[in-house]
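Breakdown of the fold
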Amino acid sequence: MPDPMNTLRKLWHAVFRRRAPRPFLHILKELLVRAYALAVLLLVSWAGYLAVSYLMQTVFLQRPVPRRFVEWQSRNDKAALRSASAPGLSTPADRAPLQHYHSVQPFLQPDPRNGCTPSGCHDPLPHSTKMQVPAFANFHASFLTCQMCHAAPDSSSRTVWIGINDAEQHQPPAVLQLLRQLESADQIGNNPPQANATITALLRDVVKVAGNDPSLGALLLQLETSEPLSPVWRQAIDQLARDLPAHARGEYAAKLARQTAPGDYRRSTAQLADIADRYLNSSDATQRKSLIETSHASLLKEPLTCLSCHADKPPLLDYESLGYSPTRARLLENLQLARLMQRIRQGQQFFIPTLMGTDDAK
Amino acid sequence: MSRPRHQATVLISLLSIFSLCSTARAADSEGCLNCHQYRGLARIAEDASTVKRFYVDPAYYTQGLGPHARLKCTACHVRAEVEVFPHHKVSPIDCTRACHLTENTKLEVRFSHQRVGDMMRASVHAADVMDKSNQLLGSPLRAGQANCLLCHDEPAFARDKAAFARQQAPIARCNTCHDEQLPIDTRSAYWHVHARSQPARTNQQLVKVCSLCHNNAKIEEHYKLPNAVASYLASFHGKATLLGSDQAAGCLDCHVGQGQNVHQMLSQKDPSAPTSPVRIADTCRSPTCHPSAGQLISSAAIHLNLPTSRGVEFFIACIFVLLIIFTFGPSLLLTALKMLQIVVDRKDESHEHHLRLAQQLMANPAGRRKLTRFTVHQRIQHWFLVLCFTTLVLTGFPIKFADRAWAAWLIAQFGGLPIARLLHRWAGAFLIAGFFYHMTYVLWTVLKKRKTENKSWFKTIWELPMLVRPADGKEMLDLLLYVLFLKKKRPLGERFNPEEKFEYIGVFWGTFVLGLTGILMWFNAWTSRHMAGRVLTIALLVHTFEAFLALLHVGIVHMATVILSPGVFPMSPAMFNGKTPAEELVEGHGEMLLAVEIEMQGALAAEAQHHA
């Protein structure tokens, strides 16, 4: 029986035995080889451990069902509103939450540069259930910045489209421009190739904003590969004219905002985010109160109503200059539904079955 | 204005007017989509923790993306609740309520899911079971909500909207006749038939639906059910499903009887259930699954839960665990300890001398030739084995590890599971053919040797260089003692050292076991006609365990020796040119080195003299 102490002594001697002086490069090479051998030793041991543990699990434990098969939602969780990749919120879902029957399409346009909601002060669906028609107000929040209704209009400011990702001024959304283009038949008739080039360029942008919608993508391909005015082209235009309005429902990757000079909106939201940050990190009640007052100083006590934009003469917004087609602009300027909502806000109830069927709010 | 321009103007004017009309008018005659088409129409619920979404995809109705597109909203929702603005709180929907479908003739047809309700009542998923399950799940459905929602959401002809974009051509063909002469809503009719000509859900989607209850511990405990989803996913059918195949049997393929539908699913205990012991064989042998299988196929286990089963399968698995531990374990230990010798820079005292000798011999053409351990013929056989083995590993292990993300990716690189399986089978067939070829080669070598050396059969075979002899066991033990620092002298090793011989024997054993079980599974119909279906279950178990053992040996021990070991890194050239590196010769084939030295003594002395 070998003596363990003797063995250990031998091992110690083997590792740290004295040697004659050797060139530095030789020592370095030897060290590298030994380090490499140690790495292989660890790798082999680790692989062996994994293999044996897998084997044991296979035989003695039931493998759990992969997560993707067991993750299901029972309801539309509010907490998910702030998640970057919640299925059915910002990405398509396999199925709706169990309690929910209808569509599971992503429904909330992210708004990372907005000063009010990403800070955590207000929810991404900011309009409280205590008020009337909160859902209507929330869907307006998908294409209006908060200040549009909650701050007093300033004669020196101009309403413009602001990109949700860069908070900078942009041209009207491509989908609105495209709808306008399709409405202006003369432009297409006068120069079909030119009009087709414009339509495809705009449609490309629309497809991008619409999350690469496959049906719009197919139409884009048809328009790009067919001769203007050919039957295939006409069919594609026909289909586009039918499908496009469904993509002009607020998710433009842009919002309307008022600004006096370029960059105003970006600056004000950055400032607001900074104030919110200080507010959330402060424990001093006086400072918090002061910050609240500063950030909400420009807000109206009572926000603007639906009528300001949809019934007043002249309306608050010049729809045509904002890129809406003339027909849609006329409808938006005089929207019956807005009057109805205004009455509901005043606490009235309506029983108007005939409303179900008007062309309002297209 | 030119003619084309005029045409375009008229066309676009008409289109523009059309585009501005409510496209959902036909389906949404009540105009609900006027508001509900906006995605952002949502609010936080009164409970402040959930979101109420009021968005309804208008495309569902305008493009007829599902069977319910022909329904008015008030077909399901109570009119009195939704015709008031703001709407009253809506009641839960009763799915069996009678509704009116708008037919192509514009006539409304009375319809109800009451029949489905009746089917459910007689099935294993009767209302009381579903209600109890909802309760055991923690009541994900609100009080009064139809328990249909546990399995269904808004039915769609295809979840993938791109599919709708791709199916324009057949609809256009239908319109040739059904446009004006025999007017029907071709789009709806096409999709209605097309969607039902294939399963509504993929196998993976089905598993997800079923796993809601059949992977829930409370439900399993209450109804005394096994975890059917976990055991299914561990079966071959389940693994194929995990790899994205819809060809393998999904839940409904076995649990729904022929000519029946999912709502009529019965308990296994019911003799008329397709999974009952008396009918299961016919279910397996259905024309779309295993029509040529024998009656005995029914004893093959689809829902085998190995850890809880205490049958022969578990016993065999335990044997394999021991086999793997007692064969792979020592090999792994030896490999790791050999690496440790390098880490601590421990060398046999004869190492330097042998290294110089090896270098001297290899500098001489005759010495190099004599130190060649593998002939060209042997190297070709080895590379053939490498090719077959690699193909088998790459096509087989994604099936074993089907629940890992890389497995599905790898199978996709082969073009899908059917192609991967085909490659696997043929690689296996080639491996068996290679095995028989090698046996012929060995026999031919024996015959040749016997003829040239005039020795007995026994002696010729006994002297085969790869044959394991009792001395190999002793040498192996000596090596183990040496790497454990319990012995000073490292065993020298012949042309083929004991480790190589054991690996060689392993190939024999592995090819036999894997080949036999693989053939049994490949020709499963034949197997089920002549043996119990359980043989297939055992064959699958043995096949996967043996393959795992082979992979461990080759992937860890062999690779570490011939590729990763510092003496040969990045790869031993022995299998390319037959030349074993000097370091490897010294470490594992010292006896061969000394034998060649004796043979070459005269030549080496002359060479030394010449240099002097």
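Before reading on, note that the structure itself is shown above.
Residues numbered from 1 in each chain as written. Chains lettered and ligands numbered in written order. Predicted model: local features only at pLDDT ≥ 70, side-chain atom pairs only at ≥ 80, totals over all residues. Heavy atoms only, no water.

**A few points about the pairing of strand β3 (residues 254-259) of chain A**
Residues and elements named next belong to chain A. Of all six residues in β3, six are buried, a share of seventy percent or more. Alternating residues of β3 divide into Ala-254, Leu-256 and Arg-258 and Lys-255, Ala-257 and Gln-259, and every residue in both groups is buried. With six bridges connecting them, strand β1 (residues 158-163) and β3 associate as antiparallel partners. Looking at β3, one finds that Gly-163 is bridged to Ala-254. (Buried < 20%, exposed > 50% of the residue type's maximum accessible area, 1.4 Å probe, protein only. Helix = DSSP H or I, 4+ residues; strand = E, 2+ residues; numbered from the N terminus. Pairing = 2+ DSSP bridges.)

**Quick notes on unusual backbone geometry**
As a rule of thumb, non-glycine residues mostly have phi less than zero, and peptide bonds are mostly trans rather than cis. Residue and element names in this part refer to chain B. Cis geometry marks the peptide bond from Phe-85 to Pro-86; its omega dihedral reads -5°. Considering the arrangement of structural elements, one finds Pro-86 in the loop between β3 (84-85) and β4 (99-102). The residue after Phe-569, namely Pro-570, is reached through a cis peptide bond having omega 5°. Take Pro-570: it is sitting in the loop between α26 (533-564) and α27 (574-577). Even without being a glycine, Phe-485 presents a positive backbone phi close to 65°. Its location among the elements puts Phe-485 in the loop between α23 (470-483) and α24 (498-522).

**Digging into the sheet that holds β1 of chain A**
Residues and elements named next belong to chain A. Pairing within the open sheet is antiparallel, and its three strands lie in the order β2-β1-β3. Lying at the two open borders of the sheet, with one neighbouring strand each, are β2 (169-170) and β3. In this structure, β1 lies alongside β2, joined through two bridges in antiparallel fashion. Paired with Trp-161 across the bridge in β2 is His-170.

**So, helix α21 (residues 417-453) of chain B**
The α-helix winds at 3.6 residues per turn, so residues separated by three or four positions along the chain end up facing the same way. Residues and elements named next belong to chain B. The terminal C-alpha atoms of α21 lie 53 Å apart, and with 37 residues this matches the ideal 54 Å at 1.5 Å per residue to within 8%. All of the buried residues in α21 are Leu-417, Ala-420, Ala-427, Gly-428, Leu-431, Ile-432, Gly-434, Phe-435, His-438, Tyr-441, Val-442 and Val-446. In the core, the buried residues of α21 are packed alongside α13 (236-242), α19 (376-400), α20 (405-413), α22 (457-462) and α24. Phi turns positive, to about 55°, at Asn-454, one or two residues after α21. (Expected span 1.5 Å × (residues − 1). Contact = heavy atoms within 4.5 Å.)

**Describing the nonpolar core**
Generally speaking, nonpolar side chains in soluble globular proteins are found buried as a group. Ranked by internal contacts, the top residues of the largest apolar core, which has 54 residues, are Leu-203, Leu-240, Leu-244, Tyr-252 and Tyr-324 of chain A. Not counting residues within four places of it along the chain, the set of residues in contact with Leu-240 of chain A comprises Leu-178, Leu-182, Ile-199, Leu-203, Leu-216, Leu-219, Leu-223 and Pro-245 of chain A. Of all hydrophobic cores here, the second largest spans 36 residues; its members include Val-321, Ile-538, Phe-545 and Leu-552 of chain B. (Core = buried A, V, L, I, M, F, W, Y, C linked by side-chain atoms within 4.5 Å.)

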